[in-house]
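Structure assessment
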Amino acid sequence: MVCLVGRGALVAVVCVLLSACGSDGSSSAGSASNQAYSLSGRVFIEPESDVDLDVERRYNLSLEARNDSIETAQVLSNPATVGGYLSGTSGEYYEDAFGNTGTIPVPFEADIQDVYSVELLSGQQVMLSVFRANDLGTTQGDTVDLTLAVYEAEDATTKGSLVAARSFDSEVTKGVSVDADGRYFIELVARTNVATPVLYTLAIGQSSNVSSAARPQINAPFVPGEVIVQFKETPQLQGLSQARQSKRAGNANSNVGMQELKSIGQLARHYRFDEQRMNSALAFEQRANAGALSARQQKKWQTLELIKALRARDDVLYAEPNYLFTATAAPNDPAYRLQWNLPMLELPSAWDRSTGLNAVVAVVDTGIDANHVDFGDNISSDGYDFIVSTSLSGDGNGPDSNPNDEGDSFHGAHVAGIVAAQGNNGIGIAGVAYDATIMPLRALGIDGTGTLADISNAILYAAGLSSTAPAPPSQRADVINLSLGISETDLRMENGQLGGQTMQNAINAALGQGVIIVAAAGNASSSVPNYPAAYEGVVAVSSVNDRRTKSNFSNYGDYIDVAAPGGTSYGSPYYDGFQDGILSTIYANEYTELVGTSMATPHVAGVAALMKSVDPTLNNVRFMEALNSGEITDNLGTPLFYGNGLINAAKALTWLGESIDTALNVFPRQLNFSGANTSGILYLSNPGAGAVTVTGVTSEATWLEVNPRPGAVNGAGLGDYALTINVSAAPQNGTTNVRITYEVDGVPAEDRVVPVYIAQTVVEDDTVGALYVYLLRKEDVDGAEPEAAISVFASVNAVKGNGAYTYTFPAVPPGQYFLEASTDNDGDFFVFDAGEAKGAYPLLYESELISITNQNLRDRDFDVAYLRFVSGSELGSSASSTQSAGSRPTMKRRLQSGGPR
């Protein structure tokens, strides 16, 4: 089960334990003092969240069957993320919530089937992630055996044709796509008398540019009026010369006037449709159905209609458009389409010149799962584990050459994947510098914290300097990524001086070697400096969302050097559920989205690696000069938020003298609107030296307006365009396109089309059901064994409000605490399991200690959501793995018997 910050989680802005802070890591909680203070705040939930209506309800003697048939199907919004519970058996969990094994059994009940009803659009996906409900075992064993089936709906209570079905026998993620608009039933069925309890997350996807339809679309790039055909061999054609075969084939297609242009070896033949016959071959009614299209679109539509007719013929093996291919370095990784963050930095243009080959990036973090299928050969053998404390390391020993992550957040793997997940391997995602080498250095333990000594040693080692490691690396790092930190407030000693001198000295030594060091600005939405990001010479990275504005969690201040994509949290008005987190690797063959300045930082480290690959003489001084010049960034304004601006990979290589191809860069590649989101921004740019002139940016729907932002579009039509939804005229669920016409060096180019998706189907208020907010004492976390369960110190029931839950701890003793929230949908009294909705302050896997000292604390707000996983098996990975989402043993959180229910 995946946990967060206690033993087995981590941070991105890490709470570094510094002896200079006047603390040895102990807590005064439970001391003789009777003084206590209140702690309160809000818990934002992911919009469009929902919960299975018949999840296990502790203290309800039986499950209430509420969505177990087509007739009682639970109606979902679109989009939606739903958490649920299924079991084909009734029985008892092997270990109860209070540490007893088999003595005071905790019962669970059978829930054979859950049925949902939802309106879907063509191309949308239904994704299901499955997790064992109690990874400590049950008296019946642990058997995952269930089926996901999607049916068309004939009416509100009758299912029609089966679209597809997927079976599950392990903890994995699988999906089903639909190819037509309409209402569908989703059935989840556990095998009776076999399947033991599982938690699941059901996600209704928003991706409007993914379609399983076989027919090519009018917006695809191809030459109007042309077709490539392979005829079947027939007795009449066998033995004839190629010329006579061509003539015979041409005569056979005289009804549509196909003129052969050339043959493609023995594979196929290239034809042009006669335009007059092409028009006359289509009935007037068919042409009228094309609607209000431009002349070019009309011709493309006619071409597709004729190709469709050719495909239906008995003598045609296949027929396809004469597609247009564009010179590009976009990788073939199947989840690249989900990586909105990479086109934002103009990386496709940069990859034509550099992919990071021969550059080494040290990731000082929680370690890594080097067996992830998407790292390939990109992991250096110079990795090292610097953690001295066995209670922090979780591996039973001190420093060694094995940097394997023993926690369960896989923060280090996520950061490393952003830098250099292998590209063009047909698997998963692509990293920023996808041919660079990662040096994984483990300095953060299973609770996400790391000591001053361990982190300093890792920095020295990465720079090829003397450290506690028995030998330096075979090749020192060119770049060091530090997705960790501590607030200046915590770093100040009692005498007012700034602590952490040892780390500063280590950083200065590494900078003296020319190493580029990048660090996270922090996630407290504060102007208080965060270290090591605020040290002189370190590149401090803040975070932006998909609208290129400051992420609501990101720190800011005059020490910020540059910004990069880090995502959006749920409390932000810009959250739309589509491209709000950064997708990256975690463990085995799994991927998930996380947000934080920890995720922004490796984007900058990756760009530095691209530059270093091109110019091996690049060092930290020149990199900082490039940043300060403004020539390798996009100016976003407000230096306190963005420093010198948003890092731009194409500009970075241009600064080194590389010639970037002229092209139209469009960001984002698709636009999604849901709930209250009714506006967006489209950014058009040209990374090359040639001329790109935009001649039109238009909407194909009357309910979507597109207008240049005043003062933000130049004479060539490049810049920012505002998109606005007219809600009263828009459909509840629908799609349209924004069409961009443009010229490159005066020559008209193929139109660019940006799909637009709208979802306004709202069934009821967002909810995750019953939610517990709880505190973990730091000493309880530090003193626990890696696979043990920690008792929650205090928990309260969160109160559901409009768009958020609220919580209050009325009396908390002084001490240091981790603040988390979780559901308990399987009713086993354990929280924070994989498959539960969960979160932590301030961000999931970016947790920080809360110190209760001498005052009440308010406004400790954070997010909770069901994590959505993407499986490598769904993304082209043929590698087998014994691990999948949620199967790794972790530290569990045990609700106390006296706590609220």
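Residues numbered from 1 in each chain as written. Predicted model: local features only at pLDDT ≥ 70, side-chain atom pairs only at ≥ 80, totals over all residues. Heavy atoms only, no water.

Points about the overall build of the chain
Here is the rule: Only DSSP runs of H or I with at least four residues qualify as helices, and only runs of E with at least two residues qualify as strands; both kinds are numbered from the N terminus onward. Contacts are residue-level and defined by heavy atoms, with any inter-residue pair within 4.5 Å sufficient. Per-residue and other accessible areas were derived by the Shrake-Rupley procedure at a 1.4 Å probe size, with only the shown protein chains allowed to occlude residues.
Regarding its fold elements, the chain presents 16 helices and 51 strands. Taking all contacts inside the chain whose residues are at least 6 apart in sequence as the whole, residues at least 24 apart take part in 76%. Of the roughly 32800 Å² of accessible surface on the chain, a fraction of 47% belongs to carbon and sulfur atoms.

Section: the sheet that holds strand β15 (residues 258-264)
Filter applied, for reference: Strands were regarded as paired on the criterion that DSSP finds at least two bridges between them. Fitted lines through C-alpha atoms give the axes, limited to the stretch in contact for helices. The angle between two N-to-C directions lies from 0 to 180 degrees.
Spatially, β15-β16-β14-β17 is the arrangement adopted by the four strands of the open sheet, whose pairing is antiparallel. The two strands at the open ends of the sheet, each matched to only one other strand, are β15 and β17 (316-323). Each strand of the sheet is rotated relative to its neighbour by a mean of 30 degrees, with strand direction disregarded. Of the strand pairs in this sheet, β15 and strand β16 (residues 268-273) are connected by six bridges, and their pairing is antiparallel. Each residue of the ladder has a partner; that of Ile264, found in β16, is Ala268.

Remarks on the nonpolar core
For clarity, the threshold we go by: Only buried Ala, Val, Leu, Ile, Met, Phe, Trp, Tyr and Cys residues count toward a nonpolar core, and they belong to the same one when joined by side-chain atoms within 4.5 Å. Only protein chains enter the accessibility calculation, which uses a 1.4 Å probe. A residue is then buried if its area is under 20% of the maximum for its type, exposed if over 50%, and partly exposed in between.
One finds Val539, Val604, Phe623 and Ile647 to be the most contacted residues of the largest nonpolar core, which totals 85 residues. Apart from residues lying up to four places away in sequence, Val539 is in contact with Ile517, Val518, Ala519, Asp561, Val562, Val604, Phe623, Met624 and Leu627. Residues Val360, Ala458, Tyr531 and Ala540 belong to the second largest nonpolar core, which totals 40 residues.

Structural notes on the pairing of strand β35 (residues 704-713)
Where β35 and strand β36 (residues 719-725) come together, six bridges link them in antiparallel fashion. Bridge assignment links Val713 to a residue of β36, and that residue is Gly719. What sits between β35 and β36 in their antiparallel hairpin is a turn of five residues, with Gly717 showing a positive phi close to 85 degrees.

Quick word on the environment of Gly407
Note on placement: Gly407 falls in the loop between α7 (390-393) and α8 (411-420). What makes Gly407 buried here is its relative accessible area of 2%. In this structure the C-alpha to C-alpha distance between Gly407 and Leu444, which are 37 residues apart in sequence, comes to 9.6 Å.

Some words on helix α13 (residues 620-629)
Heads up, the rule is: What the arc covers is the set of directions going from the helix axis to the C-beta atoms. Identification of polar contacts relies on pairs of N or O atoms within 3.5 Å, with a donor-acceptor requirement for protein atoms, meaning one able to donate a hydrogen and the other able to accept it, and with residues adjacent in sequence counted only if both atoms are side-chain atoms.
For α13, the set of buried residues is Asn620, Phe623, Met624, Ala626 and Leu627. Summarising the axial view, the buried residues of α13 lie within an arc of 155 degrees, below the 170-degree limit, and thus occupy one face. Taking the backbone nitrogen of Val621 as reference, a side-chain oxygen 3.2 Å away marks Asn619 as the first, capping residue of α13. Two residues or fewer after α13 comes Gly630, characterised by a positive phi angle close to 75 degrees.

Let's talk about the packing of α8 against helix α12 (residues 597-614)
Filter applied, for reference: Left-handed describes a crossing whose near helix is turned anticlockwise from the far helix through less than a right angle; right-handed describes the clockwise counterpart. Classes in brief: Ala, Val, Leu, Ile, Met, Phe, Trp, Tyr, Cys and Pro nonpolar; Asp, Glu, Lys and Arg charged; the others, Gly included, polar.
The interhelical angle for the contact between α8 and α12, taken along N-to-C directions, is 35 degrees, at an axis separation of 8 Å. Of the two possible hands of crossing, α8 and α12 adopt the one that is right-handed. Listed contacts from α12 to His411, His414, Val415, Ile418 and Val419 of α8 are Ser598, Met599, Pro602, His603 and Gly606. Along the lines of polarity and charge, the residues of the contact of α8 with α12 split into five nonpolar, five polar and no charged.

Some remarks on helix α9 (residues 452-462)
Burial analysis of α9 places 10 of its 11 residues in the buried class, which makes it a mostly covered element. Turning to α9, its buried residues number three or more, namely Leu452, Asp454, Ile455, Ser456, Asn457, Ala458, Ile459, Leu460, Tyr461 and Ala462. Once α9 finishes, Gly464 follows within two positions and takes phi at roughly 80 degrees, a positive value.

What about the sheet that holds strand β51 (residues 892-894)?
Judged by pairing direction, the sheet is mixed, and its three strands sit side by side in the order β41-β51-β46 without closing on themselves. Because the sheet does not close on itself, it has two edges, and the strands there are β41 (789-791) and β46 (830-831). With two bridges joining them, β46 and β51 adopt antiparallel strand pairing. Across the sheet, Val831 pairs through a bridge with Arg893, a residue of β51.

Quick word on the pairing of strand β11 (residues 173-177)
Burial runs high along β11: four of the five residues are buried. The sheet contact formed by strand β8 (residues 125-132) and β11 spans five bridges and is antiparallel. Across the sheet, Met127 pairs through a bridge with Gly175, a residue of β11.

Digging into the environment of Ala722
Structurally, Ala722 can be placed in strand β36. Excluding its chain neighbours within four sequence positions, the residues that come into contact with Ala722 are Gly680, Ile681, Glu705, Val706, Asn707 and Arg709.

Things to note about the packing of α9 against helix α11 (residues 501-512)
The condition is simple: An angle counts as roughly parallel when it lies under 35 degrees, as roughly antiparallel when it exceeds 145, as roughly perpendicular when it falls between 65 and 115, and as oblique in every other case.
Interhelical geometry of α9 versus α11 gives an angle of 5 degrees and a closest axis separation of 9 Å. Between α9 and α11, the crossing angle belongs to the class labelled roughly parallel. Across the interface between the two elements, Leu452, Ile455, Ser456, Ile459 and Leu460 from α9 touch Thr502, Met503, Ala506, Ile507, Ala509 and Ala510 from α11. Split by residue class, the contact of α9 with α11 holds nine nonpolar, two polar and no charged.

Considering a negative patch on the surface
Using the following cut-off: In this analysis, a patch consists of residues with relative accessible area above 30% that form no salt bridge, clustered at 9 Å for like charges and at 5 Å for the nonpolar side chains Val, Leu, Ile, Met, Phe, Trp and Tyr. Any Lys or Arg side-chain nitrogen located within 4 Å of an Asp or Glu carboxyl oxygen qualifies as a salt bridge. In this tally, Lys and Arg are treated as positive and Asp and Glu as negative; His is ignored, and so are the chain termini. Positions of charges follow a simple convention, taking NZ of Lys, CZ of Arg, CG of Asp or CD of Glu.
On the surface, Glu152, Glu154, Asp155 and Asp179 cluster together into a patch of negative charge. Positionally, Glu152 belongs in strand β9 (residues 146-155).

Side note on the packing of aromatic side chains
Stated formally: Note on aromatic contacts: the rings of Phe and Tyr and the six-membered ring of Trp form a pair at centre separations within 6.5 Å, being stacked when their planes are under 30 degrees apart, edge-to-face when over 60 apart, and tilted otherwise. Each ring is checked for a lysine NZ or an arginine CZ that lies within 6 Å of its centre and within 35 degrees of its normal; such an atom marks a charge sitting over the ring.
Applying the stated criterion across every chain, the model contains 15 aromatic pairs. Consider the rings of Phe386 and Tyr461, whose centres lie 5.4 Å apart with planes at 65 degrees: the pair is edge-to-face. Here Phe386, found in the loop between β19 (384-385) and α7, pairs with Tyr461, found in helix α9; they are 75 residues apart in sequence, far enough to count as distant. Of the residues examined, Phe386 reaches a relative accessible area of 1% and is grouped as buried. By relative accessible area, which is 4% here, Tyr461 ends up buried. Ring pairs connect the aromatic residues Tyr336, Trp351 and Tyr434, which therefore count as one cluster. Its end group placed over the ring of Tyr151, Lys159 keeps NZ or CZ at 4.1 Å from the ring centre. The ring centre of Tyr683 lies 4.1 Å from the NZ or CZ of Arg548, which sits over that ring.

Some words on the side chain of Glu187
Of note, Glu187 is situated in strand β12 (residues 182-190). Note on Glu187: relative accessible area 8%, which makes it buried. A distance of 3.1 Å separates the side chain of Glu187 from the side chain of Lys159, its partner in a polar contact. Ignoring any residue separated from it by four or fewer positions in sequence, one finds Glu187 in contact with Ile70, Gln113, Asp114, Val115, Thr147, Leu148, Ala149, Tyr151 and Lys159.

Re the pattern of salt bridges
Inspection of the entire model under this criterion finds 20 salt bridges. Note that Asp861 and Arg42 form a salt bridge whose closest N and O atoms lie 2.9 Å from each other. Placement of the pair is Asp861 in the loop between β48 (850-852) and β49 (862-864) and Arg42 in strand β1 (residues 37-45), with a sequence separation of 819 residues. Of the charged contacts in the structure, one is a salt bridge between Asp634 and Arg548, with a shortest N-O distance of 3.7 Å. Here the residue Asp634 occupies a position in strand β29 (residues 633-634), and Arg548 occupies one in the loop between β25 (539-544) and β26 (562-565), the gap between them amounting to 86 residues. A single burial state applies to Asp634 and to Arg548, both of which are buried.

A closer look at unusual backbone geometry
With an omega of -5 degrees, the peptide bond between Phe667 and Pro668 qualifies as cis. With respect to the helices and strands, the residue Pro668 is situated in the loop between β31 (665-667) and β32 (671-674). Following Tyr841, the chain continues into Pro842 via a peptide bond in cis, with omega recorded as -5 degrees. Mapped onto the secondary structure, Pro842 falls in the loop between β47 (838-840) and β48. Within the chain, Asn193 stands out as a residue other than glycine whose phi angle is a positive 65 degrees. Looking at the element boundaries, Asn193 is found in the loop between β12 and β13 (198-204).

Re the confidence of the model for the chain
The condition that has to hold: Per-residue confidence from the predictor is reported as pLDDT, which spans 0 to 100.
The predicted model of the chain has a mean per-residue pLDDT of 82, with 81% of residues at 70 or higher. Confidence drops under pLDDT 50 across residues 97-103; counting only partners more than four residues distant or on other chains, this segment forms 17 contacts.

So, the environment of Val126
Looking at the element boundaries, Val126 is found in strand β8. Here Val126 falls in the buried class, since its relative accessible area comes to 0%. Val126 sits 52 residues away from Val178 along the chain, and the two C-alpha atoms are 8.3 Å apart. Once residues lying within four places of it in the same chain are set aside, the contact partners of Val126 are Leu120, Leu148, Val150, Lys174, Gly175, Val176, Ile186, Leu202, Ala203 and Ile204.

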